[in-house]
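# Chains, contacts and geometry: an overview
Listed below are the residues making up each chain.
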Amino acid sequence: MLKSLLERVARGEEVILLDQDKAVARLVPPLPKEQRLATMKKFRDSLAIKGESLSATVINARTEERR
């Protein structure tokens, strides 16, 4: 059964899995690589990093330990 569902998804179909008439999962074909990379870049660009960098935090912690 799973194999036939995956074959349908591989052909481009979206499959919704139900449990007692309630949607519990959705199987969809993966986005093309270009779209995945664009989505990840958009996400990364949307992050606002606050405070010092991790490397600065580690260096400061090590300096404090040595005192």
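Placed above this text is the structure.
The sections below set out a description of the structure shown in this document.

Procedures and definitions
- Residues numbered from 1 in each chain as written.
- Predicted model: local features only at pLDDT ≥ 70, side-chain atom pairs only at ≥ 80, totals over all residues.
- Heavy atoms only, no water.
- Helix = DSSP H or I, 4+ residues; strand = E, 2+ residues; numbered from the N terminus.
- Buried < 20%, exposed > 50% of the residue type's maximum accessible area, 1.4 Å probe, protein only.
- Areas by Shrake-Rupley, 256 points an atom, 1.4 Å probe, with all protein chains shown as cover.
- Contact = heavy atoms within 4.5 Å.
- Expected span 1.5 Å × (residues − 1).
- Pairing = 2+ DSSP bridges.
- Patch = residues over 30% accessible without salt bridge, like charges linked within 9 Å, V, L, I, M, F, W, Y side chains within 5 Å.
- Salt bridge = Lys/Arg side-chain N within 4 Å of Asp/Glu carboxyl O.

In this section: the overall build of the protein chain. Within the protein chain, the regular secondary structure consists of three helices and two strands. Going from N to C terminus, the protein chain has its helices and strands arranged as α-β-β-α-α. Buried residues in the protein chain amount to 4% of all 67 residues. Carbon and sulfur atoms make up 57% of the accessible area of the protein chain, which totals about 6,500 Å².

All right, on to the environment of Val24 then. Tracing the chain through its elements places Val24 in strand E2 (residues 22-27). As a C-alpha pair, Val24 and Glu14 span 10 residues in sequence and 14 Å in three-dimensional space. Not counting chain neighbours up to four residues away, the residues in contact with Val24 comprise Leu17, Leu18 and Asp19.

With that out of the way, let us pick up helix H2 (residues 33-46). For H2, which comprises 14 residues, the first-to-last C-alpha distance of 20 Å matches the rise-based estimate of 20 Å (1.5 Å per residue) to within 8%. Burial analysis of H2 places just zero of its 14 residues in the buried class, which makes it a mostly uncovered element.

The next subject is the pairing of E2. Of all six residues in E2, zero are buried, a share of ten percent or less. Here strand E1 (residues 15-19) pairs with E2 via five bridges, running antiparallel. Within E2, the residue paired with Asp19 across the bridge is Lys22. Following E1, the chain reverses through two residues before pairing antiparallel with E2; Gln20 in that reversal takes a positive phi of roughly 55°.

Further remarks concern a nonpolar patch on the surface. Judged by side-chain polarity, Phe43, Leu47 and Ile49 come together as a nonpolar surface patch covering roughly 370 Å² of accessible area. Here Phe43 shows up in helix H2.

Take the pattern of salt bridges next. Pairs can form between side chains of opposite charge whenever their charged atoms are close. Using the criterion set out here, one finds four salt bridges in the structure. As a salt-bridge pair, Glu14 and Arg26 come within 3.5 Å of each other at their nearest N and O atoms. One end of the pair, Glu14, is in the loop between helix H1 (2-10) and E1; the other, Arg26, is in strand E2, with 12 residues separating them in the sequence. Since its relative accessible area comes to 43%, Glu14 is described here as partly exposed. Between Asp45 and Lys41 there is a salt bridge whose closest N-O contact spans 2.8 Å.

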